[in-house]
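Structural characterization, general
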Amino acid sequence: FIISGKGGVGKTSLSASLGVKLAAAGHSVLIVSTDPAHSLGDSLDQDISGGKPVQLQGTAADLWGMEIDIEAAKKEFQAVASSKKTKDAAESFLGSVGLGALMDKLVDLNLGEILNTPPPGFDEGVAISKVIDFVEKDEYKRFTRINLQ
């Protein structure tokens, strides 16, 4: 489930409540927050920071929480964006579509430095990358329901 909406409409409360309800119905549930303000841990009264699933205490249900570490994701993104492999791939692609001259202009730019201030929508981009992780990585296969907000 993806719970979204503008600030202050109850996404965190809904996500936490839905997680508890699904876990009570027998599902293995992971509740995930991509919000940089991270109020999910406060709502659950537990430390779920660190970007890894944490089993919630005080319940017999199979209920887990996780707050995505946006700063760690930003650093990881900057490392990838600044890597020689990324530069070489961009150069190859632009050359293959006849835009090699554009790459010559871009070579002087350090994409990692440009991205020190994340662009608008970066949090949503991290959320999408986590959805891909949830689908592809074995560590998340145990969960029958994942609430992302």
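Since this is a predicted model, take the numbers as computed values, not measurements.

**Points about the sheet that holds strand β2 (residues 54–55)**
Taking strand neighbours across the sheet as the criterion, the four strands line up as β2-β3-β1-β4 in an open arrangement whose pairing is mixed. Strands at the two margins of the open sheet, each flanked by one partner only, are β2 and β4 (145–148). Of the pairings in the sheet, the one linking strand β1 (residues 29–33) to strand β3 (residues 63–67) comprises five bridges and is parallel in character. Bridged to Ser33 within β3 is Glu67. Where helix α7 (residues 122–136) meets the sheet, it contacts β1, β3 and β4, and its direction lies at approximately 175° from that of β4.

**Focus on the packing of aromatic side chains**
Inspection of every chain in the model, using the stated rule, returns two aromatic pairs. Arranged with centres 5.8 Å apart and planes meeting at 80°, the rings of Trp64 and Phe143 form a pair that is edge-to-face. Highlighted residues: Trp64 in strand β3 and Phe143 in the loop between α7 and β4, separated in sequence by 79 residues. With relative accessibility at 16%, the residue Trp64 sits in the buried group.

What counts as what
Residues numbered from 1 in each chain as written. Predicted model: local features only at pLDDT ≥ 70, side-chain atom pairs only at ≥ 80, totals over all residues. Heavy atoms only, no water. Pairing = 2+ DSSP bridges. Helix = DSSP H or I, 4+ residues; strand = E, 2+ residues; numbered from the N terminus. Contact = heavy atoms within 4.5 Å. Axes fitted to C-alpha atoms, helices over the stretch in contact; angles between N-to-C directions. Phe/Tyr/Trp six-rings, centres within 6.5 Å; stacked < 30°, edge-to-face > 60°. Buried < 20%, exposed > 50% of the residue type's maximum accessible area, 1.4 Å probe, protein only.

Worth remembering: the numbers are spatial, not functional.
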